[in-house]
Amino acid sequence: MILELDCGNSFIKWRVLDADVRRVVGEGVVDSDLALLESLKALKGLALKFCRLVSVRTPEETHALIALLTQAFGISVACAAPAREMSDVRNGYEEFERLGLDRWLAMLGGYHLASGACLVLDFGTAVTADFIAADGEHLGGFICPGIPLMRNQLRTHTRRIRYGDLAAERALESLVPGRTTVEAVERGCSLMLRGFVLTQLEMARSYWGDDFTLFLTGGDADLVSGIVPEARVVPDLVFVGLAMACPLS
Ligand SMILES: Nc1ncnc2c1ncn2[C@@H]1O[C@H](COP(=O)(O)OP(=O)(O)O)[C@@H](O)[C@H]1O
Ligand SMILES: CC(C)(COP(=O)(O)O)[C@@H](O)C(=O)NCCC(=O)O
Ligand SMILES: [K+]
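Just so we're clear, the structure is a prediction, and the values are computed from it rather than from any experiment.

### Focus: the packing of aromatic side chains
Phase 1: This model, assessed by the stated rule, comprises 5 aromatic pairs.
Phase 2: Aromatic side chains Phe 131 and Phe 142 sit 6.2 Å apart centroid to centroid with 80° between the ring planes, which places their arrangement in the edge-to-face category. Placement of the pair is Phe 131 in strand E9 (residues 126-132) and Phe 142 in strand E10 (residues 138-145), with a sequence separation of 11 residues.
Phase 3: On the basis of relative accessible area, Phe 131 is assigned to the buried category, the value being 3%.
Phase 4: Judged by its relative accessible area of 35%, Phe 142 falls in the partly exposed class.

### What about the site of ligand 1?
Phase 1: Neighbouring ligand 1 are 13 residues; Ser 10, Phe 11, Lys 13, Thr 125 and Asp 220 lie closest to it.
Phase 2: With respect to ligand 1, the side chain of Thr 125 contributes an N or O atom lying 2.4 Å from an oxygen atom.
Phase 3: Burial of ligand 1 by the protein amounts to 67% of the accessible area it has alone, namely 570 Å².
Phase 4: For ligand 1, the cavity whose grid points lie within 2 Å of the majority of its atoms is the largest pocket.
Phase 5: Shared between two domains, the shell around ligand 1 takes at least three residues from each, and those domains are domain 1 (2-79) and domain 2 (88-100 + 116-146 + 187-237).

### Remarks on the packing of helix H4 (residues 147-157) against helix H6 (residues 181-208)
Phase 1: Following both chains from N to C, one finds H4 and H6 inclined at 140°, their axes separated by 10 Å at the closest point. With respect to H6, the element H4 is oriented oblique. Seen from above, H4 lies across H6 with right-handed handedness. Residues Ile 147, Met 150, Arg 151 and Leu 154 of H4 pack against Val 185, Glu 186, Cys 189, Ser 190, Met 192 and Leu 193 of H6.
Phase 2: Along the lines of polarity and charge, the residues of the contact of H4 with H6 split into 7 nonpolar, 1 polar and 2 charged.

### Things to note about the site of ligand 2
Phase 1: Near ligand 2 you find 14 residues, and of these Asn 9, Tyr 93, Gly 100, Asp 102 and Arg 103 are the closest.
Phase 2: Contacts to ligand 2 include Gly 100, whose backbone N or O atom sits 2.8 Å from an oxygen atom.
Phase 3: Here ligand 2, which alone exposes 470 Å², has 77% of that area covered by the protein.
Phase 4: If you list the elements that add at least two residues to the shell around ligand 2, you get helix H3 (101-114) and E9.
Phase 5: For the shell around ligand 2, the class distribution of residues is 5 nonpolar, 6 polar and 3 charged.

### So, H3
Phase 1: Here H3 contains 14 residues, and its C-alpha end-to-end distance of 20 Å stays within 8% of the 20 Å for a straight helix at 1.5 Å per residue.
Phase 2: Within H3, 12 of the 14 residues are buried, which leaves it mostly tucked inside the rest of the structure.
Phase 3: For H3, the complete set of buried residues consists of Leu 101, Asp 102, Arg 103, Trp 104, Leu 105, Ala 106, Met 107, Leu 108, Gly 109, Gly 110, Tyr 111 and Ala 114.
Phase 4: Of the residues one or two after H3, Ser 115 is the one with positive phi, at around 45°.

### Brief notes about the packing of helix H1 (residues 33-41) against helix H2 (residues 59-73)
Phase 1: H2 packs onto H1 with a crossing angle of 25° between their chain directions and a minimal axis gap of 11 Å. With respect to their mutual orientation, H1 and H2 come out roughly parallel. Crossing hand, H1 versus H2: right-handed. Where H1 abuts H2, its residues Asp 33, Leu 34, Leu 36, Leu 37, Leu 40 and Lys 41 lie against Leu 65, Leu 68, Leu 69, Ala 72 and Phe 73.
Phase 2: The residue makeup of the contact of H1 with H2, split by class, is 9 nonpolar, no polar and 2 charged.

### Quick word on the nonpolar core
Phase 1: Counting 30 residues, the largest nonpolar core has Leu 119, Leu 121, Phe 123, Phe 212, Leu 214 and Leu 216 as its most contacted members.
Phase 2: Elements with a contribution of two residues or more to this core: strand E8 (118-123), E9, H4, helix H5 (165-171), H6 and strand E11 (213-217).
Phase 3: No other element matches the 9 residues that H6 contributes to this core.
Phase 4: Of all hydrophobic cores here, the second largest spans 23 residues; its members include Leu 105, Met 107, Val 234 and Leu 242.

### So, the layout of surface pockets
Phase 1: Its boundaries defined by the atoms lining it, the largest pocket holds a volume of some 960 Å³.
Phase 2: Lining the largest pocket are 44 residues, and of these Lys 13, Phe 123, Gly 124, Gly 218 and Gly 219 lie nearest its centre.
Phase 3: Split into classes, the residues belonging to the lining of the largest pocket amount to 21 nonpolar, 11 polar and 12 charged.
Phase 4: There is about 210 Å³ of room inside the second largest pocket.
Phase 5: Forming the walls of the second largest pocket are 15 residues, and the residues nearest its centre are Ser 55, Arg 57, Thr 62, Ala 80 and Leu 101.
Phase 6: At 3 residues, the largest contribution of residues to the lining of the second largest pocket is made by H2.
Phase 7: Among the residues forming the lining of the second largest pocket, the class breakdown is 7 nonpolar, 5 polar and 3 charged.
Phase 8: When residues of the lining of the second largest pocket are assigned to domains, at least three map to each of domain 1 (2-79) and domain 2 (88-100 + 116-146 + 187-237).

Conventions used here
- Residues numbered from 1 in each chain as written.
- Chains lettered and ligands numbered in written order.
- Predicted model: local features only at pLDDT ≥ 70, side-chain atom pairs only at ≥ 80, totals over all residues.
- Heavy atoms only, no water.
- Phe/Tyr/Trp six-rings, centres within 6.5 Å; stacked < 30°, edge-to-face > 60°.
- Helix = DSSP H or I, 4+ residues; strand = E, 2+ residues; numbered from the N terminus.
- Buried < 20%, exposed > 50% of the residue type's maximum accessible area, 1.4 Å probe, protein only.
- Near = heavy atom within 4 Å.
- Polar contact = N/O pair within 3.5 Å; in protein donor to acceptor, adjacent residues only side chain to side chain.
- Areas by Shrake-Rupley, 256 points an atom, 1.4 Å probe, with all protein chains shown as cover.
- 1 Å grid on protein atoms, 1.4 Å probe; cavity = no way out; pocket = protein on both sides within 12 Å on 5 of 7 lines; lining within 4 Å.
- Sits in = over half its atoms within 2 Å of the grid points.
- Domains from an automatic or database assignment.
- Axes fitted to C-alpha atoms, helices over the stretch in contact; angles between N-to-C directions.
- Parallel < 35°, antiparallel > 145°, perpendicular 65-115°, else oblique.
- Left-handed = near helix turned anticlockwise from the far one by under 90°.
- Contact = heavy atoms within 4.5 Å.
- Nonpolar A, V, L, I, M, F, W, Y, C, P; charged D, E, K, R; others polar.
- Expected span 1.5 Å × (residues − 1).
- Core = buried A, V, L, I, M, F, W, Y, C linked by side-chain atoms within 4.5 Å.
- Points joined across faces, edges and corners; volume = space filled by probe spheres on them.

In short, the description is geometric, and any link to function would need to be established separately.
Next comes the structure, spelled out in structure tokens:
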């Protein structure tokens, strides 16, 4: 069995594949290394042989996790590394090693699945956009705060914006102008996100007309998928790229 990990700024996404790498035998989202170990140990019949991971955390945090996994399961761990070019995609950053590895892998996965130009939007702690042309050239991208960051900035930098998670969830049942603080903030942030998506789409159309694939991924992709029915929502896009960057042999 193979363990795959996507270590983002807020959560670790994990999944276990069976030996022939075809079937997902377990998966989840956890908020700490220890919670990951607990989830894995709770899996019946777990027999890990190998782990591949991508991390946008500090080298110290990533190494601590690798040490924990090696100790707990005695497996070797492969870590996705930056590259100037891979699987026909050319990293467009001036310093290629500075491009977030989760973005890079999602780009590899997207270009592979689209076999052509694509726009990859990832809705995590941060929201990112990356443009990959039909010939595999990465044109660059954008980074802005995601929903958790927008919400928390308002909560921590104002004195009168306070509300709980349940109220936040309820507020998003509609997007008409809010009549309570929670509605006003949650709907406002949600509309900012939608505006971002539509602007990116406009830019992609100006480059490629209708000849491109739009991918949505990341934990909050569902918040915007409704406004772009043509989009392919691929929650495991980073894992698609991870398998390409860290093949088994
Ligand atoms: N099962 C889940 N567990 C945690 N967060 C989730 C889950 N499903 C959706 N989310 C949302 O996903 C967002 C985090 O997305 P994610 O892609 O995991 O971020 P990151 O990669 O930066 O850690 C949060 O805003 C949260 O609301
Ligand atoms: C942009 C990101 C913070 C996104 O992280 P995430 O929201 O997935 O946790 C991450 O890809 C990152 O740290 N990138 C390095 C900076 C860059 O890509 O330019
Ligand atoms: K991510």
